[in-house]
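# An overview of the molecular structure
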Amino acid sequence: MTTTPARQVRTVCSYCGVGCGMLLDIGAGPDGGPTVLRASGDKAHPANAGRLCTKGATTADMLAAPGRLAGALMRDERGAEPVPAPVADAIAETARRLRQIVDEHGPDAVAFYVSGQMSLEAQYLANKLAKGFVRTNQIESNSRLCMASAGAGYKSSLGADGPPGSYDDFERADVFLVIGSNMADCHPILFLRMMERVKAGAKLIVVDPRRTATAAKADLFLQIAPGTDLALLNGLLRLLHDNGHTDREFIAAHTEGWEALPDFLADYAPDTVAALTGLAEDDIRTAAGLIGEAGEWMSCWTMGLNQSTHGTWNTNALINLHLATGAICRPGSGPFSLTGQPNAMGGREMGYMGPGLPGQRSVLVDAEREFTEDLWGLPPGTIRADGVGRGTVELFRKMADGDIKACWIICTNPVASVANRRTVIEGLEAAEFVVTQDVFADTETNAYADVVLPGALWTESEGVLVNSERTLTLARPAVPHPARHSPTGGSSRPSPARWATRRASPTTAPSRSSRSCGSSGTR
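These numbers were taken from a predicted model, which means no experiment stands behind them.

## Overview of the overall build of the chain
Across its full length, the chain carries 20 helices and 19 strands. Against the compact-globule benchmark of 24 Å for 523 residues, the chain has a radius of gyration of 24 Å, which places it among compact chains. Referenced to the eigenvectors of the C-alpha coordinate spread, the extents of the chain come out at roughly 70 × 55 × 45 Å. By sequence separation, contacts in the chain at least 24 residues apart represent 70% of the contacts at least 6 residues apart. Total accessible area computed for the chain in this model is approximately 20,600 Å², and 51% of it derives from carbon and sulfur atoms.

Quick look at the structure:
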């Protein structure tokens, strides 16, 4: 392989929600075709200014991984060996079977399970197809597993699922509250930006049951008992109120419901919160003092708060701290949820979870359904007001119970990543028709598919990805899809033994790890 790049392509990293800009060096590969030789940080990109973590820096190695799908796979009956098929035939068969199931059982018998690693355009089209044309209320995303609580918390507190801050706030904050997030390992570039500000004098509070790499850098580490974050956040609000560290003018001008809070906070005295959380009362008071006396402060959180039975209330309580202190929508301050996947924020903007419609709209609002119907050229009343499912786990449970007959799974690997794995497998086995769409042949979920469609990596197509601060970055085509230079135009496929074994022994442990939030192939 040559080490001299023929050209460079500007794009975006595909791993996490930080959304770092990258430069890909393109040159000749072993077969003479174009390949990615090296990835480096894009100094002109606002998210990372040239920095890359280990994952981003080794992108070329990931792109060279074997096992790519260069074509479609189909099988005539369950348990049969999958055989390569022309993509056009696989798409036609998929359309025929889905049409048949909708006609026989109704639209809610068809489900879509999509991903925060799809492009913005693909997410938009998936939601449009499901809610506007198939008219099913069963479309879910693997983002439900990580970001639904943050999205619902933003909506219930601020009216829209739009993080109000930006990465530039990291350079302006005087205090950071990092709760339920190990930024050092999971969002390294933002962690480095934060630590530069800490070195300049800002204070770092870390709340986590584990002593993580992020906690090791904290000025104040609150090693909280698992599941007690809500008590701590309400206890901090109580102390901010008691100590006169609230912004009364901001509260009066921009909030509702404050008058009910003092009575509510009576249950969260410092000694009570200390007993609930396992923290020292003095440490809780110190944290409240740092926040209350800060000129500007920002909070960062992710799965430690989101993946909870009361995750929405965790987000709501954290935002309440910002509203009470007026530390929101100004440089250096704000509640900042850190997104797990490279385009989960874009999917939230496109409404692919629950009742969402593109542009922060909802099927639950008459005027917003009407607007979308007009935009999509649909007759009035086409988009259903009840067009909302109850989450990822519920979707697979309904499939196992026989209510959902078909499922199209795009760019995610639920057999390896969804909780209650047995329910997922039972659902896929019970379904009449399962379609998967991925970039790799050998995934746990593909083993249950009747049709496997080949996807394109983000380096092989054009699309937009939206990061945690809602910066949009265009991913440009860098190399062709394997089908374009495959000697046979065929497809890699799982071994017959593996395919058959998945049906015979559904509890077999996964043989390959999944990426962030459960995707086996990034877009």
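## A closer look at helix 12 (residues 281-293)
End to end, helix 12 covers 18 Å across 13 residues, agreeing with the expected 18 Å (1.5 Å per residue, within 8%). Turning to helix 12, its buried residues number three or more, namely Ile284, Ala287, Ala288, Gly289, Ile291 and Gly292.

## Regarding the pairing of strand 17 (residues 451-454)
Going residue by residue along strand 17, you find Val451 and Leu453 tucked away on one face and Val452 and Pro454 tucked away on the opposite face as well. Looking at chain direction, strand 4 (residues 72-74) and strand 17 are connected through two bridges and run antiparallel. Across the sheet, residue Leu73 finds its bridge partner in strand 17, namely Val452.

## Some thoughts on the confidence of the model for the chain
Of the residues in the chain, 91% have a pLDDT of 70 or more, and the chain-wide mean is 90. Note on residues 487-523: pLDDT under 50 across the span, and 127 contacts to partners over four residues away in sequence or across chains.

## A short note on the packing of helix 5 (residues 148-158) against helix 14 (residues 311-325)
Contact geometry of helix 5 with helix 14 gives a least axis separation of 8 Å together with a crossing angle of 45°. Comparing the axis directions of helix 5 and helix 14 gives the class oblique. Remark: the crossing between helix 5 and helix 14 carries right-handed chirality. Every residue of helix 14 that contacts helix 5 at Ser149, Ala150, Ala152, Gly153, Tyr154, Ser156, Ser157 and Leu158 is listed here: Gly311, Thr312, Thr315, Asn316, Ile319 and Leu323. Among the residues making up the contact of helix 5 with helix 14, the classes are represented as six nonpolar, eight polar and no charged.

## Brief notes about the pattern of salt bridges
Oppositely charged side chains are able to pair whenever their charged atoms sit close together. If you walk through the whole model with that rule in mind, you get 21 salt bridges. Here Arg10 ties to Asp42 by a salt bridge, and the two come within 2.8 Å at their closest N and O atoms. Highlighted residues: Arg10 in strand 1 (residues 7-12) and Asp42 in the loop between strand 3 (34-41) and helix 1 (54-57), separated in sequence by 32 residues. Judged by its relative accessible area of 41%, Arg10 is partly exposed. Residue class for Asp42 comes out buried when judged on its relative accessible area of 5%. Two residues, Arg197 and Asp174, come together in a salt bridge whose shortest N-O distance is 3.3 Å. You can see Arg197 sitting in helix 7 (residues 188-199) and its partner Asp174 sitting in the loop between helix 5 and strand 8 (175-179), a full 23 residues away along the chain. On the basis of relative accessibility, which here comes to 23%, the residue Arg197 falls in the partly exposed class. Asp174 sits in the partly exposed class, given a relative accessible area of 30%. Among the ionic contacts, a cluster of salt bridges with common partners joins Asp108, Arg384 and Asp386.

## With respect to helix 3 (residues 87-105)
If you check helix 3, its first and last C-alpha atoms are 27 Å apart, about what 19 residues at 1.5 Å a residue would give, namely 27 Å. Immediately beyond the C-terminal end of helix 3, within one or two residues, lies Gly106, with a positive phi of roughly 95°.

## Topic: the side chain of Ser362
The topology assignment puts Ser362 in strand 14 (residues 361-362). With relative accessibility at 14%, the residue Ser362 sits in the buried group. Dropping the residues within four chain positions of it, Ser362 is found in contact with Pro355, Leu357, Glu368 and Arg369.

## A few points about the packing of aromatic side chains
One pass over the full model with this rule turns up eight aromatic pairs. Centroid distance Tyr124 to Trp376: 6.1 Å. Interplanar angle 90°. Geometry classified as edge-to-face. Residue Tyr124 is located in helix 4 (residues 120-134), and its partner Trp376 is located in helix 16 (residues 366-376); the two are separated by 252 residues in the primary sequence. Residue Tyr124 is classed as partly exposed on the basis of its relative accessible area, which comes to 22%. Judged by centre distance (6.2 Å) and plane angle (55°), the rings of Phe170 and Phe336 are tilted. Taken together, the residues span a long stretch of sequence, with Phe170 in the loop between helix 5 and strand 8 and Phe336 in strand 12 (residues 334-337) at a distance of 166 residues. Like Phe336, Phe170 is buried.

## What to know about the sheet that holds strand 6 (residues 110-114)
Here seven strands make up an open sheet; going across it, the order is 5-4-17-16-15-6-7 and the pairing mixed. Pairing within the sheet leaves two strands with one partner each, and these edge strands are strand 5 (83-85) and strand 7 (139-141). When the angles between neighbouring strand axes are averaged without regard to direction, this sheet yields 20°. Relative to strand 7, strand 6 runs parallel, the two being bridged by three bridges. Residue pairing across strands places Val114 opposite Ser141, the latter belonging to strand 7. In the packing of helix 3 onto the sheet, contacts are made with strand 4, strand 5, strand 6, strand 15 (406-410), strand 16 (433-438) and strand 17, and the angle to strand 16 comes to roughly 140°. Where helix 17 (residues 392-400) meets the sheet, it contacts strand 6, strand 7 and strand 15, and its direction lies at approximately 145° from that of strand 6.

What counts, and at which threshold
Residues numbered from 1 in each chain as written. Predicted model: local features only at pLDDT ≥ 70, side-chain atom pairs only at ≥ 80, totals over all residues. Heavy atoms only, no water. Helix = DSSP H or I, 4+ residues; strand = E, 2+ residues; numbered from the N terminus. Rg over C-alpha atoms; globule rule 2.2 N^0.38 Å. Contact = heavy atoms within 4.5 Å. Areas by Shrake-Rupley, 256 points an atom, 1.4 Å probe, with all protein chains shown as cover. Expected span 1.5 Å × (residues − 1). Buried < 20%, exposed > 50% of the residue type's maximum accessible area, 1.4 Å probe, protein only. Pairing = 2+ DSSP bridges. pLDDT = per-residue confidence, 0-100. Axes fitted to C-alpha atoms, helices over the stretch in contact; angles between N-to-C directions. Parallel < 35°, antiparallel > 145°, perpendicular 65-115°, else oblique. Left-handed = near helix turned anticlockwise from the far one by under 90°. Nonpolar A, V, L, I, M, F, W, Y, C, P; charged D, E, K, R; others polar. Salt bridge = Lys/Arg side-chain N within 4 Å of Asp/Glu carboxyl O. Phe/Tyr/Trp six-rings, centres within 6.5 Å; stacked < 30°, edge-to-face > 60°.

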